[in-house]
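# Structure at a glance
Here is what each chain is made of, one letter per residue.
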Amino acid sequence: MILIYNKNDSHYCIFDVICHTKNKKTEKKSKMTECATSIVTDELEVRYGNTIAVTDVNLEVPKGSLLSVIGPNGAGKSALLKALAGTVEVHSGKVEISGPSPSFVMQSTDVDNSLPISVRDVVSLSRYSNRGPFRRFRSGDHEAINEAIERLNLTHIAKKQLHEISGGERQRTLVAQGLAQESNVLLLDEPINGLDIVSRDIILEMIAEEVALGRTIVITTHNLSDASRADQVLLLNNCPCCLGSPGEVLTEANLRIAFGDDSVGGGTKIFLDDPHHSHTSPHNEERIRSF
């Protein structure tokens, strides 16, 4: 179950992503469904009306790996994640996710002050996809919620209302919600863009730990340094420009194809710049700017 902000109506609603899993005893966080967790897409295309959001996407993401999707604004990064999560209709092609339905964490947004929901409540929503809306939580559910809150460093604000906390804390809350769902695949839409250094480090540490434990994670980003941490990088501009290791994909030539010459700076270090974004990366020593 995911908390989604509807920009058109300016309110939050609850979107239920059903996970079909067998009843089993919940174990510690090292558990993953024993079947190989992977993502496969074949000629995937998503459209919004007559507009092609993303097309010709062919992916094979191994279990326990990190895929970074990078590209300019409007490149179809969010559309791709929504297709993987099953929250938008696939126009053509196919998507295969091994194991339970993935956890999907959307970008953080402002919160309506009238929404009466605490940090713990938001994280707890994730468990309804496993338990159903009318069944009481078991000890395993409470353990998953508490562990996610602790790992995202939210224990001290767990009782606070969502609108009372900072943007970085709110994003960590949404990531904790995705983590507490305990799916084999975690989809994160720009989880660290524009965040404070503390929140960035906490989320990046969690991502590294989860991949090491066998979880498959897909993130979208505008930041070259963040993308370079991945096992695979998909450079996207409505259709894939390049897919491979960070060293193979994040070259000046490839980035100029995807972003355009005006947005790519070369030299000893490559950097990106775009007037439509103003988030700066804390990795100033690497001369990399996110946008």
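What comes next is a walk through the structure.

Reading guide: rules and limits
Residues numbered from 1 in each chain as written. Predicted model: local features only at pLDDT ≥ 70, side-chain atom pairs only at ≥ 80, totals over all residues. Heavy atoms only, no water. Helix = DSSP H or I, 4+ residues; strand = E, 2+ residues; numbered from the N terminus. Buried < 20%, exposed > 50% of the residue type's maximum accessible area, 1.4 Å probe, protein only. Polar contact = N/O pair within 3.5 Å; in protein donor to acceptor, adjacent residues only side chain to side chain. Salt bridge = Lys/Arg side-chain N within 4 Å of Asp/Glu carboxyl O. Core = buried A, V, L, I, M, F, W, Y, C linked by side-chain atoms within 4.5 Å. Pairing = 2+ DSSP bridges. Axes fitted to C-alpha atoms, helices over the stretch in contact; angles between N-to-C directions. Contact = heavy atoms within 4.5 Å. Disulfide = S-S within 2.5 Å. Left-handed = near helix turned anticlockwise from the far one by under 90°. Nonpolar A, V, L, I, M, F, W, Y, C, P; charged D, E, K, R; others polar. Parallel < 35°, antiparallel > 145°, perpendicular 65-115°, else oblique.

To continue, consider the side chain of R215. Within the secondary structure layout, R215 lies in the loop between helix 6 (197–212) and strand 9 (216–221). Judged by relative accessible area, which is 5%, R215 ranks as buried. A polar side-chain atom of R215 sits 2.5 Å from a polar atom in the side chain of E210.

Scanning all chains against the criterion turns up 10 salt bridges. For R229, the salt bridge goes to D226, with nearest N and O atoms at 3.6 Å. Linked by salt bridges that have partners in common, R151, E209, E210 and R215 make up one network.

Now for helix 1 (residues 77–85). Burial of helix 1 is extensive: 7 of the 9 residues sit out of reach of the surface. Buried residues of helix 1: K77, A79, L80, L81, A83, L84 and A85, and no others. Just past helix 1, the residue G86 takes up positive phi, approximately 80°.

All right, on to the nonpolar core then. I70, L152, I207, I217 and L250 are the most contacted members of the largest nonpolar core, which totals 46 residues. Among the elements that make up this core, the one with the highest residue count is helix 6 (6 residues). Formed by 22 residues, the second largest nonpolar core is a distinct cluster that contains L59, F104, V185 and L187.

Spatial strand order, 7-8-9-5-10-11: 6 strands in an open sheet with mixed pairing. This sheet does not close on itself; its edge strands, each paired only once, are strand 7 (103–105) and strand 11 (239–244). The mean inter-strand angle of the sheet, taken between neighbouring strand axes irrespective of direction, is 15°. Both strand 10 (residues 232–237) and strand 11 contribute to a ladder of 5 bridges, which runs antiparallel. Bridge assignment links L235 to a residue of strand 11, and that residue is C242. Of the strands in this sheet, strand 5 (66–70), strand 7, strand 8 (185–189), strand 9 and strand 10 are in contact with helix 1, which crosses strand 8 at around 155°. Sheet strands touched by helix 5 (residues 167–180): strand 7 and strand 8. Its angle to strand 7, the strand with the most contacts, is close to 170°.

Tallied over the full model, the rule gives 0 disulfides. Between C241, a free cysteine, and C239, which holds the nearest cysteine sulfur, the sulfur-to-sulfur gap is 5.9 Å. Judged by its relative accessible area of 31%, C241 is partly exposed.

What follows deals with the packing of helix 4 (residues 139–151) against helix 5. At a closest axis distance of 9 Å, the pairing of helix 4 and helix 5 adopts a crossing angle of 140°. The interaxial crossing formed by helix 4 with helix 5 has right-handed handedness. Across from A144, I145, A148 and R151 in helix 4, the residues of helix 5 making contact are A176, L179 and A180. For the contact of helix 4 with helix 5, the per-class residue count stands at 6 nonpolar, no polar and 1 charged.

One way to put it is that helix 5 packs onto helix 6 with a least axis distance of 9 Å and a crossing angle of 15°. With respect to helix 6, the axis of helix 5 lies roughly parallel. For the crossing formed where helix 5 meets helix 6, the hand is left-handed. Listed contacts from helix 6 to G168, E169, Q171, R172, V175 and L179 of helix 5 are S199, I202, I203, M206 and E210. Counted by class, the contact of helix 5 with helix 6 contains 5 nonpolar, 3 polar and 3 charged residues.

With 5 of 5 residues buried, strand 5 lies mostly within the body of the structure. Across the two faces of strand 5 the burial is the same, with L66, S68 and I70 and L67 and V69 all buried. Inspection of the sheet shows strand 5 paired to strand 9 by 5 bridges, in the parallel sense. Of the residues in strand 9, the one forming a bridge with V69 is T220. Two strands pair when backbone bridges link them, and strand 5 and strand 10 are joined in this way by 4 bridges, in the parallel orientation. Across the sheet, residue S68 finds its bridge partner in strand 10, namely V233.

This brings us to the environment of H163. Residue position: H163 is located in the loop between helix 4 and helix 5. Each C-alpha atom, one on H163 and one on S118, is 8.5 Å from the other, the two residues being 45 residues apart in sequence. Here H163 is in contact with V111, D112, N113, L115 and R170, once residues within four sequence places are set aside.

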